[in-house]
Amino acid sequence: MKEPGSVGTIIGSVTGVTFPDSSAVLNVEEHASSLSNWERTGFPKQGGQSLSYWLQQVRCDPLLDHRTTQNLPAQADTVIIGSGITGTLVAKHHLQTWPDKSIVVLEAREFCSGATGRNAGHCKPDQWRHFGKFEKAYGQEQAIKIMKNEASTWRALVAYIKGNNVDCDLWVGETLDVPLDDEVAKIAKEVFERYENLGGKVDHIKVIHDPAEAAKVSRIKNAKACYAWQASTLQPWKLTAHIMRDDIEKGVNLQTYTIAQAVNETGSSTRKWVVQTDRGAIACDTVVHATNAYSAALEPSLKGVITPKPHMCNKVLPPRALCGSKAIQNSYGVLLPDGALFSINPRCTTDGIMMFGGSNPGQKQLDAWVERHPEHCIDDGLSRVENVTECVREFVSDNLEGWKDAEFGPGEGFDYSWSGIIGLSADGVPFVGELPGKPGQWICAGHHGHGMARIFTAAPGLVKLMNGESWGSTGLPEVYQINSERLRRLRTASEQPPKVATLNP
Ligand SMILES: Cc1cc2nc3c(=O)[nH]c(=O)nc-3n(C[C@H](O)[C@H](O)[C@H](O)COP(=O)(O)OP(=O)(O)OC[C@H]3O[C@@H](n4cnc5c(N)ncnc54)[C@H](O)[C@@H]3O)c2cc1C
């Protein structure tokens, strides 16, 4: 059994793990990939956003441009900046904790038009794959805690949707992680077994090491192994909208198309902070930054700590050989040799339209282009990024039954792609808690392209902290806590963190 390296390494932009004697890399991130420029940031792009499939489905929903009051209130107890799943859930738990306090939610554009409204629709709790990376960075106990937290986040999300009959295309079933290369399968096996041997819970994961059996079960021709466990897919905008409607009914004031430009001290004894917007100012006691990828534009102390990066999602209508009784029944993480990954959400119980996200091999060219044109780091108006789409075409043609020779009629096959902005965290885990040196300003952001498996516990956790409760009461891994030492360490970390963590023999 191989041992991991030393604890405490800063490996935020690590996208995979390997062993010294291997040329292959096991991907550990659903959507992240490394950066050379962590300093870039920006406010949400105004105009020209590409429309995700989720946003296309709700064009006549009045929540998109909702303003609860015509004018911005001059005061509120709490101002929440951002109407994605984080801001919306923070408002929900704030209402439960302090029903009488007033809340304004500010959103720069349409309701929930950031990452939540543009993602690939997976809530896939990582149950072993990240373990190698997080053990190396934070030690066994925290790494196991992260895996447990992802499982409880998924359970909380599913329980909420079922308990409230939320119409959001929920699918619950087996997600499959499928390595497409012998070396990747070998690293995956080592990481999995190490996690198991250290007491990680794996009895809910079905493992197949025989490639022929893996190919049969997964329906992916070149599969070398297959790991299966329970996860979900959903329509993320509809879920968030359901929660926000309830928030509004209980008194939240939502103000879309309102950009928070700065947060300053009022200097008065009544309200501590004033949030400056393009439509006026709101004085308040408490501010919540639910701004994920855009956090550093508003809060400069987060520069180099939370960094925006565009990723693509492709919408594809499968060939007839994969429709009807032969439709795909699982979601996937397909693990490629160079640390790349396709995430596949086939919307098994709804329309069968397939969403291809993840860090596919073509993402590297997109990343390189953004490095040369950093102003595009917040560009969620991208489409037709051919390098990314071409990789999806090759994958489906080589690996999925009936795709290569399919004759596609109009309305079938590759439809279009959109971009969304990921909030990369410099150490790969979110920031939850009070902003150091700014009492009354709180944050839950930097979800590193994996927020759907984190926010359903991180947002209520933040509200507990706002209520003066201990970190322990949140149940969150300690490494998610924001503090000045963590920020200082990340800001002074080497300019270019390593891209791959080598697990020592
Ligand atoms: C293409 C893509 C695919 C993804 N796929 C998955 C997946 O399958 N599974 C998964 O777990 N995660 C996925 N993610 C990541 C996931 O979507 C995010 O982690 C999660 O949605 C973050 O939620 P949030 O509410 O914190 O941020 P967001 O949803 O981005 O919300 C932040 C909001 O704040 C607003 N805002 C920012 N600054 C200001 C300001 N100054 N004033 C006013 N408003 C402001 C923004 O407009 C935005 O609406 C994906 C992300 C992308 C981009």
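Basis of the calculations
- Residues numbered from 1 in each chain as written.
- Predicted model: local features only at pLDDT ≥ 70, side-chain atom pairs only at ≥ 80, totals over all residues.
- Helix = DSSP H or I, 4+ residues; strand = E, 2+ residues; numbered from the N terminus.
- Rg over C-alpha atoms; globule rule 2.2 N^0.38 Å.
- Contact = placed C-beta atoms within 7 Å.
- Near = placed C-beta within 6 Å.
- Nonpolar A, V, L, I, M, F, W, Y, C, P; charged D, E, K, R; others polar.
- UniProt positions renumbered as here; feature names shortened; annotations may be inferred.
- pLDDT = per-residue confidence, 0-100.
- Axes fitted to C-alpha atoms, helices over the stretch in contact; angles between N-to-C directions.
- Parallel < 35°, antiparallel > 145°, perpendicular 65-115°, else oblique.
- Left-handed = near helix turned anticlockwise from the far one by under 90°.
- Buried ≥ 20, exposed ≤ 12 C-beta atoms within 10 Å, placed from the backbone.
- Pairing = 2+ DSSP bridges.
- Right-handed = clockwise from strand over helix to strand, strands pointing away.
- Core = buried A, V, L, I, M, F, W, Y, C linked by C-beta atoms within 7 Å.

- Per an unreviewed UniProt entry, the chain goes by the name DAO-domain-containing protein and belongs to Trematosphaeria pertusa.

Section: the overall build of the chain
Line of reasoning, step 1. Counting its regular elements, the chain contains 13 helices and 20 strands.
Line of reasoning, step 2. For a compact globule of 505 residues, the expected C-alpha radius of gyration is about 23 Å, and the chain comes in at 22 Å, within 12% of that figure.
Line of reasoning, step 3. With the C-alpha coordinates aligned to their principal axes, the bounding extent of the chain is approximately 70 × 55 × 45 Å.
Line of reasoning, step 4. Put simply, of all contacts in the chain between residues at least 6 apart along the chain, 78% involve residues at least 24 apart.

A word on unusual backbone geometry
Line of reasoning, step 1. The phi torsion at Cys 112 lies on the positive side, around 50°, for a residue other than glycine.
Line of reasoning, step 2. Topologically, Cys 112 is positioned in the loop between β4 (103-106) and β5 (122-123).
Line of reasoning, step 3. The backbone phi angle of Asp 169 is positive, close to 55°, even though this residue is not glycine.
Line of reasoning, step 4. Position of Asp 169 relative to the elements: it lies in the loop between α4 (140-163) and β6 (171-179).

What about the site of the ligand?
Line of reasoning, step 1. Around the ligand there are 48 residues in total, and Gly 82, Gly 84, Gly 114, Gly 420 and Gly 451 lie nearest to it.
Line of reasoning, step 2. Counting residues per element, the ones that place at least two in the shell around the ligand are α2 (85-97), β5, β13 (306-317) and β17 (413-425).
Line of reasoning, step 3. A per-class count over the shell around the ligand returns 22 nonpolar, 22 polar and four charged.

Points about the UniProt feature "domain: FAD dependent oxidoreductase" (unreviewed entry) in the chain
Line of reasoning, step 1. As annotated by UniProt and renumbered to match this structure, "domain: FAD dependent oxidoreductase" (unreviewed entry) occupies residues 77-453.
Line of reasoning, step 2. Secondary structure content for residues 77-453 is 29% helix and 27% strand, while the C-alpha to C-alpha distance between its ends is 29 Å.

Examining the confidence of the model for the chain
Line of reasoning, step 1. Of the residues in the chain, 90% have a pLDDT of 70 or more, and the chain-wide mean is 92.
Line of reasoning, step 2. When mean pLDDT is compared element by element in the chain, strand β9 (residues 253-255) scores highest at 99, while strand β20 (residues 500-502) scores lowest at 53.
Line of reasoning, step 3. In this model residues 1-12 is a low-confidence stretch, pLDDT under 50, and it forms 37 contacts with partners more than four residues away in sequence or in other chains.
Line of reasoning, step 4. Segment residues 494-499: pLDDT under 50, and 12 contacts once partners within four positions in sequence are set aside and those in other chains are kept.

Comments concerning the environment of Val 370
Line of reasoning, step 1. Topologically, Val 370 is positioned in helix α9 (residues 363-372).
Line of reasoning, step 2. Residues Val 370 and Pro 310, spaced 60 residues apart in sequence, show a C-alpha to C-alpha distance of 8.2 Å.
Line of reasoning, step 3. Ignoring any residue separated from it by four or fewer positions in sequence, one finds Val 370 in contact with Lys 309, Pro 310, His 376 and Cys 377.

Description of the packing of helix α3 (residues 131-138) against α4
Line of reasoning, step 1. Where α3 contacts α4, the axes come no closer than 7 Å and their chain directions differ by 140°. Taken together, the axes of α3 and α4 lie oblique to each other. At the point where α3 passes α4, the crossing takes the right-handed sense. Facing α3, whose interface residues are Phe 131, Phe 134, Glu 135 and Tyr 138, α4 presents Gln 140, Gln 142, Ala 143, Ile 146 and Met 147.

Details of the pairing of strand β3 (residues 75-81)
Line of reasoning, step 1. Burial runs high along β3: five of the seven residues are buried.
Line of reasoning, step 2. Sheet topology note: the β3/strand β12 (residues 280-289) ladder contains six bridges and is parallel. Across the sheet, Gln 75 pairs through a bridge with Ala 283, a residue of β12.
Line of reasoning, step 3. Pairing of β3 with β4, which is carried by four bridges, proceeds in the parallel orientation. Looking across to β4, one finds that Thr 78 is bridged to Ile 103.
Line of reasoning, step 4. With α2 bridging β3 and its parallel neighbour β4, the resulting β-α-β unit is right-handed.

What to know about the packing of α2 against helix α11 (residues 455-466)
Line of reasoning, step 1. Closest axis-to-axis distance for the α2/α11 pair is 8 Å, and the angle between their directions is 45°. Between α2 and α11, the interaxial angle falls into the category oblique. Viewed along their axes, α2 and α11 form a crossing whose handedness is right-handed. Here Ile 85, Thr 86, Leu 89, Val 90, His 93, His 94 and Thr 97 of α2 lie close against α11, whose contacting residues are Ile 455, Phe 456, Ala 459, Pro 460, Leu 462 and Val 463.
Line of reasoning, step 2. Of the residues that constitute the contact of α2 with α11, the class distribution is nine nonpolar, four polar and no charged.

What about the environment of Leu 302?
Line of reasoning, step 1. Considering the arrangement of structural elements, one finds Leu 302 in the loop between α8 (295-298) and β13.
Line of reasoning, step 2. Residue Leu 302 is classed as buried on the basis of its 28 C-beta neighbours within 10 Å.
Line of reasoning, step 3. The spacing of Leu 302 and Ala 215 is 87 residues in sequence and 44 Å in space, taken between C-alpha atoms.
Line of reasoning, step 4. Contacts of Leu 302, omitting those with residues within four sequence positions, involve Ser 295 and Ala 296.

Some remarks on the environment of Phe 43
Line of reasoning, step 1. Turning to its location among the elements, Phe 43 is positioned in the loop between β2 (26-27) and α1 (53-56).
Line of reasoning, step 2. For the pair formed by Phe 43 and Thr 291, sequence separation is 248 residues and the distance between their alpha carbons is 9.3 Å.
Line of reasoning, step 3. Excluding its chain neighbours within four sequence positions, the residues that come into contact with Phe 43 are Ala 108, Ile 259, Tyr 294 and Ala 297.

Things to note about the pairing of β13
Line of reasoning, step 1. Counting buried positions along β13 yields 10 of 12 residues, so the element is predominantly enclosed.
Line of reasoning, step 2. Relative to strand β16 (residues 354-357), β13 runs antiparallel, the two being bridged by three bridges. Across the sheet, Asn 314 pairs through a bridge with Phe 356, a residue of β16.

What to know about the nonpolar core
Line of reasoning, step 1. Membership of the largest hydrophobic core comes to 136 residues, with the highest contact counts inside it found for Val 79, Val 90, Val 178, Val 334 and Leu 462.
Line of reasoning, step 2. Ranked by residue count, the leading element in this core is α11, at eight residues.
Line of reasoning, step 3. With near-sequence residues (within four places) excluded, Val 334 lies in contact with Val 178, Leu 180, Ile 220, Leu 341, Phe 342, Ile 344 and Phe 395.

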